[in-house]
Amino acid sequence: MRQYLLIFKTISIKRQMASLANTVVDIKVGTKPEDSNPAVVIPQSMVSFIDNEKINLKQIASNFVPRHFEFRTKDRTKKINVVQLMSEYDGNFSTPVCYLRFYLKRAGKFIRFAEELGTLSSGEEIHRLNCIRIYKDFIQRYTDIIGAIQTYESECNGRLFRRSIERMKPEIAHVPMNLHLQQLLVSSGDDPSQKAIYNTVTLGAPAVHHSRFSHGGLRRMKANIIESNKRLRFLQEKLQDVLILNSDIEDALDHLTHILESPSTNVERSVLRLSLQRVVKAVSSLLEYSTKDLDTIANSTGQVIINPLISRVPTEEVSQSNETIQDKARKLTEEIKQSMNKDEQTFGKTQLNNLKLIADELERHTCKHIIRYIFQENMEIERYPEVFRERFDIAFSQALTCLIFSVYVLLSSVKISDQAWKLYINNGLLMSFEYLLTCDGDELGMLEDSVEAIHALEHVHVRFVPATANNDLLQPRFFGTRFYCKVVIPLPVAMFAKLPQELKDGGSIRIVPVVFNIGINERALAARVLTLNLFSTTQVESDLNHNNLDKLKAFINKSLNYLPEDIPDLLKQLEHSIRSNKPKNVHIFPLAEKICRRAYGVRVTGCKSAKDRTSMGFTLEQGQLLLNNHNVDKHDLQEILNQFRCNGTSIENALANTGCKAYAFSYFQLLTFPEHYRAQQGTYGDVQT
């Protein structure tokens with residue numbers, strides 16, 4: 001026990017010394033004029049390469065910052081030109097606003113459903129009125145948040161990201177922090193085949209930073225939620241199921257609308273028929289569900305055995321409601337089937353509007369039927385407490401915005417092979433997150449928020465439409481529920497034309513997110529000591545990495561027919577590294593990164609604010625890409641990292657965030673970092689994080 005106390009005292013002394021050292025470290029970077037940075041000068045041979053990439057990312061990214069470097073290969077007579085290109089997401093503010101408006105629309109529906117039920121019996125009426133009040137307050141809060149985000153955007157003067165020094169502002173909490181695209185452009189000559197582009201998205205932890213995590217993050221909150229009323233939970237889940245099925249209908253009708261409003265005068269019969277079949281399938285699913293599960297609820301049998309539902313609604317009303325649901329569904333499907341048997345010219349906007357009206361009626365009847373039963377129990381028609389739901393909205397909005405940006409980058413900047421498209425359509429798009437958070441204090445809460453938000457991306461499906469003249473800002477649309485989301489992403493016409501026919505016809509891609517985390521700073525040491533003292537703080541990190549390894553293995557094993565032959569060996573190496581459970585085991589990152597890129601996935605790196613440790617992380621990844629793919633000598637790695645971190649885009653990002661061209665490290669902090677994660681002297685100091 002004495003040795004542990006001695007370690008704690010040593011850590012405490014080091015922290016005090018680090019604080020003192022912050023005041024004396026000489027910050028040399030930034031004291032010279034901008035033109036003294038040799039990386040600012042871009043050779044003519046790389047200008048067209050950069051300009052082409054800017055054109056590829058038009059309408060998607062802006063505020064490009066290029067930095068040029070020249071490195072020798074193992075053959076010391078040859079050199080490669082390397083450009084770090086940093087940019088910001090054009091939709092960084094508008095995407096969270098679109099997402100919040102999706103919630104406002106849903107809340108408005110809940111209010112309408114509750115009001116249309118009319119006055120109920122005394123206990124149910126209290127729940128009904130409280131439900132209406134809750135959602136009206138919700139609408140007011142989220143409307144104010146939208147206004148605050150739009151005001152903040154107008155005051156940014158062209159800047160398109162939320163700075164790290166603003167992470168404690170609750171009014172812009174739904175906006176991702178420090179969301180950037182960090183690209184590595186490599187050229188070995190004038191031959192286009194000798195050129196390569198590597199993309200890494202950087203993102204501050206998708207978390208509720210202003211809460212200070214006094215009660216932990218989403219994962220801990222979720223584990224502590226006690227749902228004693230199993231009947232209520234059953235009803236809430238049934239409502240969510242119906243909302244998901246209704247969103248499938250809404251999504252199918254949205255695609256049908258797009259087809260009919262297409263500028264093309266000739267709508268292909270096969271495309272129209274396929275879209276109509278999607279509507280039929282969605283309605284049939286809801287009809288099958290309603291006749292089975294809604295009857296189960298009404299008859300108080302089957303699935304709710306511990307606390308069976310005692311029907312307090314008159315039998316005649318239940319029967320009438322069920323007949324209405326089935327009649328609406330049959331009418332809708334019959335309308336569609338008749339249209340499918342006619343020439344395409346006979347199906348137009350009038351028929352489409354009729355379908356939408358019937359679909360709205362179908363949704364209204366199915367939802368009101370279940371909400372009526374929920375009010376017998378509680379005023380909360382959605383699962384989980386309100387404080388959890390709104391915390392989730394903040395973290396998920398950040399992760400979802402990052403996802404949409406990453407998809408745009410993938411489609412814009414990378415030539416996607418046929419094998420990759422088949423993988424995306426059949427098994428999904430791998431999205432690999434790499435974080436450097438410590439399982440101690442506030443950062444443990446950040447990690448709990450981030451993991452819950454990132455894992456929720458597995459319930460996201462992405463569909464594409466060509467952008468219209470009215471949507472030149474490429475604003476996405478959302479369907480579904482809080483925990484099941486369909487995203488419709490508008491693409492520039494030229495980009496949409498490159499999609500496989502299945503995606504053009506309304507097919508979607510699901511997301512396969514995995515996240516690995518390793519704490520690397522001095523607090524990670526303290527957390528490790530606590531683990532040795534049987535306080536298993538780092539068990540969170542260990543469990544996280546093992547669980548995500550299992551998810552990655554499942555995806556890879558299912559996708560072997562689409563992937564390069566070396567991936568199983570890489571996966572075995574990653575598994576061996578993770579199961580070794582070594583402290584600060586950053587060796588898992590190069591393997592996870594390599595697997596992700598070989599599996600045609602997208603890469604995201606971050607830490608608390610995506611500024612300091614993130615800079616060390618993505619520059620190391622870029623250096624390793626040069627070693628692995630461009631014949632650069634491993635003995636040159638440290639010099640490459642020094643140049644990237646001193647004169648590259650990462651130090652410019654630090655300046656844009658804090659106004660100081662320095663990383664927020666101290667000398668003693670860096671002593672606890674793994675070797676290749678240490679910034680060189682002269683680039684760090686006492687800076688606000």
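Shown above is the structure to which this text applies.
Because the structure is a prediction, the values reported are computed rather than measured.

A. How the structure looks around the packing of helix H12 (residues 441-455) against helix H16 (residues 539-558). For the pair H12 and H16, interaxial distance at closest approach is 12 Å and the crossing angle is 15°. On the basis of the axis angle, H12 is roughly parallel to H16. Between H12 and H16 lies a crossing of left-handed hand. Contact with H12, carried on its side by Leu444, Leu447, Val451 and His455, involves Val540, Leu544, Asn548 and Lys551 of H16 and no other residues of that element. Here the residues of the contact of H12 with H16 are counted per class, giving five nonpolar, two polar and one charged.

B. Region of interest: the environment of Asp248. Note that Asp248 resides in helix H6 (residues 230-260). With relative accessibility at 18%, the residue Asp248 sits in the buried group. Those residues in contact with Asp248 that sit more than four places away from it in its chain are Ala282, Tyr484 and Lys486. Within the structure, Asp248 has its side chain in polar contact with the side chain of Lys486 (distance 3.0 Å).

C. Spatial organisation of the nonpolar core. By size, the foremost hydrophobic cluster in this structure holds 136 residues, and its most contacted members are Leu400, Leu457, Val460 and Phe464. If sequence neighbours within four positions are ignored, Val460 has contacts with Phe396, Leu400, Leu403, Cys485, Val487, Ile509, Arg510 and Ile511. One finds Leu436, Ile556, Tyr663 and Phe665 within the second-largest nonpolar core, a separate group that totals 56 residues.

D. Here's a closer look at the pairing of strand S4 (residues 195-202). Of all the eight residues making up S4, six are buried; the element is thus mostly covered by neighbouring parts of the structure. Bridge count between strand S3 (residues 180-187) and S4: eight bridges; the pairing is antiparallel. The residue bridging Leu184 from the neighbouring strand is Tyr198, located in S4.

E. Representation of helix H3 (residues 94-116) in the model. For H3, with 23 residues, the first-to-last C-alpha span of 33 Å sits near the 33 Å given by 1.5 Å per residue. Taking burial as the measure, the 23 residues of H3 include 17 buried ones, the bulk of the element. Phi for Gly118, located one or two positions after H3, is positive at around 75°.

F. Representation of the sheet that holds S3 within the structure. Read across the open sheet, the 10 strands follow the order S1-S2-S3-S4-S10-S5-S9-S6-S8-S7; overall the sheet is mixed. Edge positions in the open sheet fall to strand S1 (61-72) and strand S7 (477-481), since each of these has one partner strand only. Averaged over all neighbouring strand pairs, the angle between strand axes comes to 25°, with direction disregarded. Across 10 bridges, the pairing between S1 and strand S2 (residues 79-89) is antiparallel. Within the sheet, the bridge partner assigned to Phe69 lies in S2 and is Val82. Across the sheet, helix H10 (residues 386-413) lies against S2, S3, S4, strand S5 (429-435), strand S6 (460-466), S7, strand S8 (484-491), strand S9 (508-517) and strand S10 (602-606), angled at about 40° from S8, the strand it touches most. Here H16 sits on the sheet in contact with S5 and S9, set at roughly 145° to S9.

G. Summary view of the environment of Leu181. For Leu181, the location among the structural elements is in strand S3. In this structure, the C-alpha to C-alpha distance between Leu181 and Thr200, residues 19 residues apart in sequence, is 6.0 Å. In contact with Leu181, other than residues within four places in its own chain, are Leu57, Leu85, Met86, Ser87, Asn199, Thr200, Val201, Phe405 and Val409.

H. Main features of the pattern of salt bridges. For the structure shown, the criterion picks out 49 salt bridges. A salt bridge links Glu452 to Arg219; the shortest N-O distance between them is 3.3 Å. Pair noted here: Glu452 is in helix H12 and Arg219 is in helix H5 (residues 218-224), with a separation of 233 residues, a long-range link. Between Arg463 and Asp251 there is a salt bridge whose closest N-O contact spans 2.7 Å. Of this pair, Arg463 sits in strand S6 while Asp251 sits in helix H6, and the two are 212 residues apart along the sequence. Given a relative accessible area of 2%, Arg463 falls into the buried group. The exposure class assigned to Asp251 is buried, which follows from its relative accessible area of 3%. Each of the salt bridges in this network shares a partner with another, and the network as a whole consists of Asp248, Asp251, Asp254, Arg278, Arg463, Arg477 and Lys486.

I. Inspection of unusual backbone geometry at higher detail. Located in the positive-phi region is Tyr384, a residue other than glycine, with phi close to 75°. By the secondary structure assignment, Tyr384 is in the loop between helix H9 (349-374) and H10. With phi around 55°, Asn581 is a residue other than glycine that occupies positive phi space. Structurally, Asn581 can be placed in the loop between helix H17 (567-579) and helix H18 (588-598).

J. Region of interest: the pairing of S5. Within S5, seven of the seven residues are buried, which leaves it mostly tucked inside the rest of the structure. Across seven bridges, S5 lies against S9 in parallel orientation. Each bridged residue has a counterpart across the sheet, and for Glu434 the counterpart in S9 is Phe516.

Reading guide: rules and limits
- Residues numbered from 1 in each chain as written.
- Predicted model: local features only at pLDDT ≥ 70, side-chain atom pairs only at ≥ 80, totals over all residues.
- Heavy atoms only, no water.
- Axes fitted to C-alpha atoms, helices over the stretch in contact; angles between N-to-C directions.
- Helix = DSSP H or I, 4+ residues; strand = E, 2+ residues; numbered from the N terminus.
- Parallel < 35°, antiparallel > 145°, perpendicular 65-115°, else oblique.
- Left-handed = near helix turned anticlockwise from the far one by under 90°.
- Contact = heavy atoms within 4.5 Å.
- Nonpolar A, V, L, I, M, F, W, Y, C, P; charged D, E, K, R; others polar.
- Buried < 20%, exposed > 50% of the residue type's maximum accessible area, 1.4 Å probe, protein only.
- Polar contact = N/O pair within 3.5 Å; in protein donor to acceptor, adjacent residues only side chain to side chain.
- Core = buried A, V, L, I, M, F, W, Y, C linked by side-chain atoms within 4.5 Å.
- Pairing = 2+ DSSP bridges.
- Expected span 1.5 Å × (residues − 1).
- Salt bridge = Lys/Arg side-chain N within 4 Å of Asp/Glu carboxyl O.

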